[in-house]
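For reference, the chains in residue letters:
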Amino acid sequence: MRNQAVRLWSSVLLFVFLVCTFTFEAGTAHATTANTPYKTTMGAITNMTWGGGDARPGFAKANGYLYSVWGRGNAFKMRKATTYAGLETATENTVTGMDAADWVVGLYYDNATSTFYVTAHVEYDYFLGSVAAHHYRKIKMYKSTDGLATVTKVGDIITSDNSDIHGYVDYTGNYYDFGAGDHNFFVDEAGGYAYIFYAHAWADLRSQAFADGMFKSERVARAPISQLGDPTAWKNFYLGTWNEPGRGGNASDLADGTNGYVFYSSVIGKYLMVYNNTIASATSLTLQDWTPLYTNPDMTWFYYATALDMDTFSPYIIGSNAIYLELTRRRSAPLTVTNTVTNRTVIEPTYPAESVPDNNYGWDWNFTGTPAPKPLTYIISYQWPYQTHTAGIGFYSDYTVPYSINYGFGMRMTSTAVGDYVQLTVNVPTAGTYKLYSYNATGPGAGDFQLAIDGVNQGGSVSLFEASPAHPQNGLGYKKTDMGTVTFTTAGNHTFKYTVTGKNAASTGYQLYFDVIKLVNTTTTPPPTPAFSDNFESGTASGWTTTGGTWAVGTDGSKVYQQSNSAASDTHALNGNAAWTNYTLNTKVKVDAFDPAGYAGVGIDARYQDANNSYNFQYYKLTGELKIQKKVAGVFTTLATKNYAFSTGTWYNMKAVLNGANLEFWVNGNLELSATDTSFSSGKIGLNAHRANAKFDDVTVQ
């Protein structure tokens, strides 16, 4: 477990900035009082008639209008007006193009490129259960060049380092990191950077995740404003520097709060962070030198709000005339910051004794090894009907088992003597070798058990006795036991028998408490590692198969692979492994001539399965566009497109990046298009030319 992160040591001394003290420490918050040189105050709350959803609103000025966005799902809402008051009656438009289940949060208009940038966070598997760690989160960037009629996805910009693990049932540590979510998009035009302050969350799997085991902290990433179209440009603040990638990198904690909103107060000349009805201040966003926090009861009811200057309509620089508002609950109030000295309660942030592990390759996009595949995991509930048991003993399915990973339910067996047993028939879906874990409650009246599978003892005897559980629920504690590995030579039903073998001398009984069994398949075969290169200097095209056209190795300074028939349509040169899943395909492309009478194009293929099923990353001459397309059962569907200036006689570097459902098209080192699609998970690579005399060189796959 990683034991280092940022901790802000609060002090009653004014202007003491102790930055980058990176030790996690358990304990409770310590509160003192101190004078502060400024005061934040909110006026009377006003109910609003517009807004809604469950996210912070985004505001931006563009072309003489004030824009506001909010909402969730495949589409979100937008209003624009020349004044803030005009938003009350402005037409509410629907903006399409966002992925399902995304919460739109931030908005910025880049005058230099006439582009709106929209940030959103997604919470996958959010509704699977009441336990926080069932889901995982990340932050995305979208953009719009049509005045927020539609948006297109730029890509993921901030992710956890292990959030591809869908909930704690697949995670064997104590603390499950479920990612980066609720955030604030702050753009510092004077400094040249955009910042995202986000709530990082993790849960203690040994406790009730929402009750006393879920932890949140504020973290921050930034990117140059000029690179908002590049999802790899975001860097996390970590140990005082900005070197860690936003996608899968390490990050330091700024405060043990959540849903922080940051703005610059021109009245006091400081940056303020408002979260959980508390205030922090900083003098530098580069240093992130946040000072001790103080409470402001005025803001208790503003959970996910935004500040807006009413004179300039800026959400970033706030003067003496501003409002603080929530579109989610449709309410707002005047916000003032003054130089008045006031007494406030100072809060000392505290963190759990251990934090989450960093650099898990699941979300580490810089991982250079060969990731093992995610193991298949099966959860067997003890609430399933048991088949046989000792006569006369009782069974109860109730909330007895605390901190259950079975939505709170468990089974209690009122055994009274050695030899009492319960036997279950468990259907194992796939033959193979499994790691086996038994989840049970513990207590002062519990006995010991031995598990046998198909008549063979599995692991040793396990005691469930615990005289005084550390975090009792219904008087019981909780225990996860590694029962070793078991090999099932056949799929289907197998017998699991739990037998009472004794009890601790201090135990008052022989009862057994069950939650679930977890089987983790360890015999899955990893997909082949994509690794390939060909510069054709051998003078041959060994391993390549072609469809249509006239393909041959030629010379253009060095050896190249050329399709020379500019009248030939739908021609491909294929290579690679049909089982390749996630990879980056890179090649140089040069077109000597397009067919002037045809719908000509050139590009690369990925996850190519057959002539009727593949992804295509191409330039089309007739429309002057780059496109990401999929061909399913012979039918083309365009996933993303944009205009692009492409010249004959010029070499271009084309790159296709495929990572799960995420598809990216790079040209000459710039990310030009991105899309999300799940039609194909694996397939070969290809070079394609349609009515084009085209050359290819330096093909690599990694």
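Residues numbered from 1 in each chain as written. Predicted model: local features only at pLDDT ≥ 70, side-chain atom pairs only at ≥ 80, totals over all residues. Heavy atoms only, no water.

Examining the sheet that holds strand E4 (residues 58-62)
Part 1 of the reasoning: Read from one edge of the open sheet, four strands run E4-E5-E6-E7, paired in antiparallel fashion. Two strands bound the open sheet, and with one partner strand each, they are E4 and strand E7 (93-96). Taken over all neighbouring pairs, the strand axes of this sheet differ in orientation by 30 degrees on average, direction set aside.
Part 2 of the reasoning: The pairing of E4 with strand E5 (residues 65-70) spans five bridges and is classified as antiparallel. (Pairing = 2+ DSSP bridges. Helix = DSSP H or I, 4+ residues; strand = E, 2+ residues; numbered from the N terminus. Axes fitted to C-alpha atoms, helices over the stretch in contact; angles between N-to-C directions.)

Looking at the pattern of salt bridges
Part 1 of the reasoning: In this structure the tally under the stated criterion is 18 salt bridges.
Part 2 of the reasoning: Lys 630 serves as the salt-bridge partner of Asp 677, at 2.9 Å between the closest nitrogen and oxygen. Taken as a pair, Asp 677 in the loop between strand E49 (670-676) and strand E50 (684-690) and Lys 630 in strand E45 (residues 625-632) lie far apart in primary sequence, 47 residues in all. The same class applies to Asp 677 as to Lys 630, namely buried.
Part 3 of the reasoning: Among the ionic contacts, a cluster of salt bridges with common partners joins Asp 99, Asp 102, Lys 140 and Lys 153. (Salt bridge = Lys/Arg side-chain N within 4 Å of Asp/Glu carboxyl O. Buried < 20%, exposed > 50% of the residue type's maximum accessible area, 1.4 Å probe, protein only.)

Focus on the packing of aromatic side chains
Part 1 of the reasoning: Overall, the coordinates contain 33 aromatic pairs when judged by the stated rule.
Part 2 of the reasoning: Taking 6.2 Å as the distance between ring centres and 80 degrees as the angle between the ring planes, the aromatic pair formed by Phe 186 and Tyr 271 counts as edge-to-face. Residue Phe 186 is located in strand E12 (residues 175-188), and its partner Tyr 271 is located in strand E18 (residues 270-275); the two are separated by 85 residues in the primary sequence. Note on accessibility: Phe 186 and Tyr 271 belong to one class, buried. (Phe/Tyr/Trp six-rings, centres within 6.5 Å; stacked < 30°, edge-to-face > 60°.)

A closer look at the sheet that holds strand E32 (residues 448-453)
Part 1 of the reasoning: Strand order in the open sheet formed by five strands is E27-E30-E35-E32-E33, with antiparallel pairing between adjacent strands. Each edge of the sheet is formed by a strand with only one pairing partner; in this case those strands are strand E27 (388-389) and strand E33 (456-463).
Part 2 of the reasoning: Taken together, the six bridges between E32 and strand E35 (residues 492-502) define a ladder with antiparallel strand orientation. Bridge assignment links Ile 453 to a residue of E35, and that residue is Phe 496.

Examining the pairing of E45
Part 1 of the reasoning: For E45, the buried fraction is high: seven of the eight residues fall into the buried class.
Part 2 of the reasoning: Where E45 meets strand E46 (residues 635-643), eight bridges bridge the pair, whose relative direction is antiparallel. The residue bridging Lys 630 from the neighbouring strand is Thr 637, located in E46.
Part 3 of the reasoning: Between E45 and E46, which follow one another and run antiparallel, lie two residues, and Ala 633 among them has a positive phi close to 55 degrees.

Overview of unusual backbone geometry
Part 1 of the reasoning: Although it is not a glycine, Leu 148 adopts a positive phi angle of roughly 65 degrees.
Part 2 of the reasoning: Looking at where Leu 148 falls in the secondary structure, it is placed in the loop between strand E10 (136-144) and strand E11 (152-159).
Part 3 of the reasoning: Taking relative accessible area as the criterion, Leu 148 reaches 1% and is therefore assigned buried.
Part 4 of the reasoning: In this structure, Arg 607 is a non-glycine residue whose phi angle is positive, near 50 degrees.

A few points about the confidence of the model for the protein
Part 1 of the reasoning: Mean pLDDT over the protein: 81, with 79% of residues reaching 70 or higher.
Part 2 of the reasoning: With pLDDT under 50 throughout, residues 208-212 is counted as low confidence; its partners more than four residues away or in other chains account for 14 contacts.
Part 3 of the reasoning: In this model, residues 351-374 is a region of pLDDT below 50 whose contacts with residues beyond four sequence positions or in other chains number 81 contacts. (pLDDT = per-residue confidence, 0-100. Contact = heavy atoms within 4.5 Å.)

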